[in-house]
Amino acid sequence: MKEVNQQFDVASHFVSVLEKDDNLSPGIAAIKTLLMVLEMTKFDTVQEFHSTIQAAVGAMRKTDRPMTSVVSGTELFSRFITLAKFDDKTMDEVREIMLSRGKMFLAKLLESRNVIAKQAITFISEGCRILTHARSRTVREALILAAQNNKRFHVFVTHSAPDHHGEQMVAELEKAGIDCTLILDTAVGYVMETVDMVLVGAEGVVESGGIINRIGTVTMAICAREMKKPFYALVESFKFCRLYPLNQRDLPNEYKYNKKNLKDTAKVHPMVDYTPPGYITLLFTDLGILAPSAVSDELIKLYL
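Residues numbered from 1 in each chain as written. Predicted model: local features only at pLDDT ≥ 70, side-chain atom pairs only at ≥ 80, totals over all residues. Heavy atoms only, no water.

**Some thoughts on the overall build of the protein**
Phase 1: The helix and strand tally for the protein stands at 12 helices and 10 strands.
Phase 2: Based on the C-alpha atoms only, the size of the protein along its principal axes is roughly 65 × 45 × 35 Å.
Phase 3: A burial count over the protein gives 50% of its 304 residues as buried.
Phase 4: For the protein, long-range pairs separated by at least 24 residues make up 76% of all intrachain contacts whose partners lie at least 6 apart in sequence.
Phase 5: Just so you have it, the protein exposes about 14,300 Å², and 50% of that area is on carbon and sulfur atoms.
Phase 6: For the protein, the centre of its 36 positive side-chain charges and the centre of its 37 negative side-chain charges are spaced 1 Å apart. (Helix = DSSP H or I, 4+ residues; strand = E, 2+ residues; numbered from the N terminus. Buried < 20%, exposed > 50% of the residue type's maximum accessible area, 1.4 Å probe, protein only. Contact = heavy atoms within 4.5 Å. Areas by Shrake-Rupley, 256 points an atom, 1.4 Å probe, with all protein chains shown as cover. Lys, Arg positive; Asp, Glu negative; His and termini not counted. Charge placed at Lys NZ, Arg CZ, Asp CG, Glu CD.)

In structure tokens:
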């Protein structure tokens, strides 16, 4: 295996990219990091390329950052850049082709939120009341776009213990001129009967069409179905992952817990939960508006 430039620390670069741009998801930051690895490393064989990329992904997975979109995003990235024909090409030419395809892939992903936002705003009506959970960058972009289109609405945002990301979400929405109310996580049931819809983001979408998202999402989804409120998930397609959990225990521990807590999870608060597809009304994605049952077909297309 070719070594990445010894002065380039993959894990540190990955964390630095996230710290410099709070709008990036870990999956996008991971893809940016892999592009940097490609630029800084020369390969003698395609096998060396795969080994180096796997080592870089392994280094990022050891950091204390959410891993769901890192795993799915880097798998799709590696798949996409190696789909080109490399017959009769030198390794330098192969590397340039991979870099070009990687940058094209990243540019498409960076446009995903805008595509999703344009789909979602057609469901946001004048004067409606929306409940959302914690801080989803994709949901935030959709709500801000709706406000820019002169739609008036009110958003209820959960506080989201233990990291209180809801406070940041409220600040960002209010800065855009959107009326908001910050609510306790335990007030979801009380507020649910007064809202018109639920909009959430997701850290991952599994093969069944269910989602992995911030802890408390499944509670919100159960409550929404009981009160017959539509539950919409806004999520980029690079977060589609090849997992098929049947319950909370089936989620990999590295998705649910911080790295420092993996040795003993018995008394640790999980960071995410799994919401089964039966509780989700629709998924707004850059591939289109999907029913949860359509996700498996889209995954097959992505990995063909």
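**A few points about the side chain of serine 136**
Phase 1: Positionally, serine 136 belongs in the loop between strand 1 (129-132) and helix 7 (137-148).
Phase 2: In this structure the side chain of serine 136 is engaged in a polar contact, spanning 3.1 Å, whose partner is the backbone nitrogen of valine 139.
Phase 3: Among all residues touching serine 136, those that are not within four sequence positions of it are Met169 and Gly201. (Polar contact = N/O pair within 3.5 Å; in protein donor to acceptor, adjacent residues only side chain to side chain.)

**Focus: helix 7**
Phase 1: For helix 7, which comprises 12 residues, the first-to-last C-alpha distance of 16 Å matches the rise-based estimate of 16 Å (1.5 Å per residue) to within 8%.
Phase 2: Inspection of helix 7 places Thr138, Val139, Arg140, Ala142, Leu143, Leu145 and Ala146 among the buried residues, and these make up the whole buried set.
Phase 3: Sitting at the amino-terminal end of helix 7 is serine 136, which places a side-chain oxygen 3.3 Å from the backbone nitrogen of threonine 138.
Phase 4: One or two positions beyond helix 7, positive phi appears at asparagine 150, with a value near 65 degrees. (Expected span 1.5 Å × (residues − 1).)

**Some words on the packing of aromatic side chains**
Phase 1: Within the structure shown, the criterion is met by six aromatic pairs.
Phase 2: Here the aromatic rings of phenylalanine 123 and tyrosine 232 are separated by 5.4 Å at their centres, their planes lie at 75 degrees, and the arrangement is edge-to-face. Of this pair, phenylalanine 123 sits in the loop between helix 6 (112-120) and strand 1 while tyrosine 232 sits in strand 7 (residues 231-234), and the two are 109 residues apart along the sequence.
Phase 3: Through pairs of rings, three or more aromatic residues link up here, namely Phe77, Phe80 and Phe105.
Phase 4: The positively charged end of arginine 101 is found above the aromatic ring belonging to phenylalanine 80, 4.2 Å away from the centroid. (Phe/Tyr/Trp six-rings, centres within 6.5 Å; stacked < 30°, edge-to-face > 60°. Lys NZ or Arg CZ within 6 Å of the ring centre and 35° of its normal.)

**Quick look at unusual backbone geometry**
Peptide bonds are trans in most cases, and residues, glycine excluded, mostly fall at negative phi.
Phase 1: Of note, the amide linkage connecting alanine 161 to proline 162 takes the cis form, showing an omega dihedral of 5 degrees.
Phase 2: Position of proline 162 among the secondary structure elements: in the loop between strand 2 (154-158) and helix 8 (165-175).
Phase 3: With phi around 65 degrees, serine 160 is a residue other than glycine that occupies positive phi space.
Phase 4: Within the element layout of this structure, serine 160 appears in the loop between strand 2 and helix 8.
Phase 5: A positive phi angle is found at histidine 164, which is not glycine, with a value near 60 degrees.
Phase 6: Within the secondary structure, histidine 164 is located in the loop between strand 2 and helix 8.

**Overview of the nonpolar core**
Nonpolar side chains tend toward joint burial in soluble globular proteins.
Phase 1: In terms of nonpolar packing, the biggest core is built from 70 residues, with Phe14, Leu38, Leu131, Met192, Ile211 and Phe231 touching the most fellow members.
Phase 2: Sort the elements by how many residues they give to this core and helix 2 (residues 26-40) lands first, with eight residues.
Phase 3: For phenylalanine 14, the residues in contact, after removing those within four places along its chain, are Pro26, Ala29, Ala30, Thr33, Met60, Thr63, Arg65, Met67 and Val70.
Phase 4: Residues Val139, Ala142, Met197 and Tyr232 belong to the second largest nonpolar core, which totals 25 residues. (Core = buried A, V, L, I, M, F, W, Y, C linked by side-chain atoms within 4.5 Å.)

**Description of the packing of helix 2 against helix 4 (residues 68-81)**
Phase 1: Running from amino to carboxyl end, helix 2 crosses helix 4 at an angle of 40 degrees, the nearest separation of the two axes being 8 Å. Here helix 2 is positioned oblique relative to helix 4, judged by the angle of their axes. For the crossing formed where helix 2 meets helix 4, the hand is right-handed. Of the residues in helix 4, those touching helix 2 at Pro26, Gly27, Ala30, Ile31, Leu34, Leu35 and Leu38 are Ser69, Val70, Gly73, Thr74, Phe77 and Ile81.
Phase 2: Residue classes in the contact of helix 2 with helix 4 are distributed as nine nonpolar, four polar and no charged. (Axes fitted to C-alpha atoms, helices over the stretch in contact; angles between N-to-C directions. Parallel < 35°, antiparallel > 145°, perpendicular 65-115°, else oblique. Left-handed = near helix turned anticlockwise from the far one by under 90°. Nonpolar A, V, L, I, M, F, W, Y, C, P; charged D, E, K, R; others polar.)

**Brief notes about the domain arrangement of the protein**
Phase 1: Segmentation of the protein into domains returns domain 1 (10-111) and domain 2 (114-303).
Phase 2: Carbon and sulfur atoms make up 48% of the area that domain 1 and domain 2 hide from each other, which totals about 2,000 Å².
Phase 3: Our enumeration of links across domain 1 and domain 2 arrives at three salt bridges.
Phase 4: In this structure, glutamate 75 engages arginine 242 in a salt bridge whose closest nitrogen and oxygen atoms are separated by 3.5 Å.
Phase 5: Taken together, the links from domain 1 to domain 2 amount to 13 residue pairs in polar contact (both at pLDDT 80 or more).
Phase 6: Listed by contribution, the elements that provide at least two residues to the side of domain 1 that touches domain 2 are helix 2 and helix 4.
Phase 7: Residues that form the side of domain 1 that touches domain 2 fall into these classes: seven nonpolar, eight polar and seven charged. (Domains from an automatic or database assignment. Buried area = accessible area lost by both parts, 1.4 Å probe. Salt bridge = Lys/Arg side-chain N within 4 Å of Asp/Glu carboxyl O.)

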